[in-house]
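Next come the chains, spelled out residue by residue.
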Number of protein chains: 2
Amino acid sequence: MARQLPQPGRDSINLVTVLAALADPVRLTLMRSIYAHGDPIDCATIAAGIEVTPPTISHHYRVLREAGLTTTTVDGRRRIVTIRYEDLDVRFPGLLAAILTPELIPPTAGAGKDPAPPVRQGQISVH
Amino acid sequence: MARQLPQPGRDSINLVTVLAALADPVRLTLMRSIYAHGDPIDCATIAAGIEVTPPTISHHYRVLREAGLTTTTVDGRRRIVTIRYEDLDVRFPGLLAAILTPELIPPTAGAGKDPAPPVRQGQISVH
DNA sequence: AGTTCACTTCGATGGATGTCAAAGTGTTGG
DNA sequence: CCAACACTTTGACATCCATCGAAGTGAACT
């Protein structure tokens, strides 16, 4: 048991496909939930709280897997999803970290002055 | 002169929108060309070599700008595009670097053994 | 003033995509 | 063996999106 569903090999993971897979609020939420949970977790647990029907969730898991973002293994009657951290980091270093890191809350104008990061210099040098 | 076209403020740049903007081969090519060129450059020069018509190019520039990825200024009868490095790095640190870095060529099986990076450990720790 | 240039806007079109309900598949528990 | 479970597949539908040709806009050049 614990059969693995088909997924692209590491070298055929495509950036545009990866970005397209992540450019959907439901799928981004799924990815962040898997990441936040840490351990391999079944689809149902992750999907709890997302207000779309099971067929739609199933569809989104498939898109993530076929894009090369996740691995899905069948265990009995539930599916276990994991993020392909290593493969993705080899192909696109830093990408997952940038996307899964919780988004900064935009500072409310005038509210509680943020102590630490005022402007911070860009990591990419230009010119 | 040098009027600036409307663009979202830094704090209203949205990740899903940014990813959607980048999840298109033409727009990703445009972004990489702007990045590779370094200096602010006019749209026509960047678009040269891309095999779509001017209306389509114009559309893509608009999508990039409205997503918050670029700044476009009107200078005479041409447009100058620049990437919003600082704003993007504040909102999504590391994202641009991960996406604009030229993609690794998948190692051809058995061909010229790559000297440097064999496997490299993931930057995100899991478990 | 008129033409060329460098785009943009408009309208149309074909294809992809997110969503759901209904039906199907394989698993577990009684 | 049957029912409940945890999904998946299929088919349909509406919407979105990339693309194009045609027409429009404003700047520069002659």
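For the structure, check the block above.
Everything in this summary refers to the structure shown in the same document.

Parameters and conventions
Residues numbered from 1 in each chain as written. Chains lettered and ligands numbered in written order. Predicted model: local features only at pLDDT ≥ 70, side-chain atom pairs only at ≥ 80, totals over all residues. Heavy atoms only, no water. Buried < 20%, exposed > 50% of the residue type's maximum accessible area, 1.4 Å probe, protein only. Helix = DSSP H or I, 4+ residues; strand = E, 2+ residues; numbered from the N terminus. Contact = heavy atoms within 4.5 Å. Polar contact = N/O pair within 3.5 Å; in protein donor to acceptor, adjacent residues only side chain to side chain. Pairing = 2+ DSSP bridges. Axes fitted to C-alpha atoms, helices over the stretch in contact; angles between N-to-C directions. Parallel < 35°, antiparallel > 145°, perpendicular 65-115°, else oblique. Nonpolar A, V, L, I, M, F, W, Y, C, P; charged D, E, K, R; others polar. Near = heavy atom within 4 Å. Salt bridge = Lys/Arg side-chain N within 4 Å of Asp/Glu carboxyl O. Left-handed = near helix turned anticlockwise from the far one by under 90°. Core = buried A, V, L, I, M, F, W, Y, C linked by side-chain atoms within 4.5 Å.

Quick look at helix 1 (residues 15-22) of chain B now. Every α-helix carries 3.6 residues per turn, so stepping three or four residues along brings you back to the same face. Across the eight residues that make up helix 1 of chain B, a large majority, six, are buried. Restricting attention to buried positions, one finds in helix 1 of chain B the residues Leu15(B), Val16(B), Val18(B), Leu19(B), Ala21(B) and Leu22(B). Where helix 1 of chain B is buried, its residues touch helix 1 (15-22), helix 2 (25-37) and helix 6 (95-100) of chain A together with helix 2 (25-37), helix 4 (54-67) and helix 6 (95-100) of chain B. Structurally, the start of helix 1 of chain B carries an N-cap: the backbone nitrogen of Val16(B) is 3.0 Å from a side-chain oxygen of Asn14(B).

What follows covers the pairing of strand 4 (residues 78-83) of chain B. All names here are of chain B. Note that strand 2 (residues 41-42) and strand 4 share two bridges and pair antiparallel. In the sheet register, Ile41 faces strand 4, and the bridge partner there is Val81. In the sheet, strand 3 (residues 70-75) pairs with strand 4 via six bridges, with the strands oriented antiparallel. Within the sheet, the bridge partner assigned to Thr70 lies in strand 4 and is Ile83. Taking the residues that link successive antiparallel strands as the turn, the strand 3-strand 4 hairpin has two residues, and the phi of Gly76 there is positive, at about 65°.

Residue and element names in this part refer to chain B. Where helix 2 contacts helix 4, the axes come no closer than 10 Å and their chain directions differ by 75°. With respect to helix 4, the element helix 2 is oriented roughly perpendicular. Here helix 2 contributes Val26, Arg27, Leu30, Met31 and Ile34 to the contact with helix 4, which in turn contributes His59, His60, Tyr61, Val63 and Leu64. Its residues placed into classes, the contact of helix 2 with helix 4 shows seven nonpolar, two polar and one charged.

As a further point, take the protein's contact with DNA strand C. Neighbouring DNA strand C are 19 residues, the closest being Arg27(A), His60(A), Ala44(B), Ser58(B) and Arg62(B). Side-chain polar atom of His59(A) to a phosphate oxygen of DNA strand C: 3.2 Å apart, as the coordinates give it. At 3.3 Å from a phosphate oxygen of DNA strand C is found a main-chain nitrogen or oxygen belonging to Arg79(B). If you list the elements that add at least two residues to the surface near DNA strand C, you get helix 4 (54-67) of chain A together with helix 3 (43-47), helix 4 and strand 4 of chain B.

Time to look at the pattern of salt bridges. Residue and element names in this part refer to chain A. Summed over the entire model, instances satisfying the criterion amount to six salt bridges over all chains. Asp11 is paired through a salt bridge with Arg10; the nearest N and O atoms lie 3.7 Å apart. Asp11 sits in the partly exposed class, given a relative accessible area of 31%.

Here the focus is the packing of helix 1 of chain A against helix 4 of chain A. Residue and element names in this part refer to chain A. Orientation of helix 1 relative to helix 4, taken along the N-to-C sense of each, is 160°, at an axis distance of 9 Å. By the angle class used here, helix 1 and helix 4 are roughly antiparallel. The handedness of the crossing between helix 1 and helix 4 is left-handed. Of the residues in helix 4, those touching helix 1 at Thr17, Val18 and Ala21 are Val63, Leu64 and Ala67. Classifying every residue of the contact of helix 1 with helix 4 by side-chain character gives five nonpolar, one polar and no charged.

Turning next to the nonpolar core. In terms of nonpolar packing, the biggest core is built from 65 residues, with Tyr61(A), Leu69(A), Leu95(A), Tyr61(B), Leu69(B) and Leu95(B) touching the most fellow members. The dominant element in this core, judged by the number of residues it contributes, is helix 1 of chain B, at six residues. Apart from the residues lying within four places of it in its own chain, the contact partners of Leu95(A) are Leu15(A), Val18(A), Leu95(B), Ala98(B) and Ile99(B).

It is worth spelling out the protein's contact with DNA strand D at this point. Within the structure, DNA strand D sits among 20 residues, and Ala44(A), Ser58(A), Arg62(A), Arg27(B) and His60(B) are positioned closest to it. Restricting the count to atoms of DNA strand D within 4 Å of the protein gives a sugar and phosphate share of 73%. Within the backbone of Arg77(A), one N or O atom sits 3.2 Å away from a sugar or linking oxygen of DNA strand D. If you list the elements that add at least two residues to the surface near DNA strand D, you get helix 3 (43-47), helix 4 and strand 4 (78-83) of chain A together with helix 2 and helix 4 of chain B. The residue inventory of the surface near DNA strand D, partitioned by class, reads seven nonpolar, six polar and seven charged.

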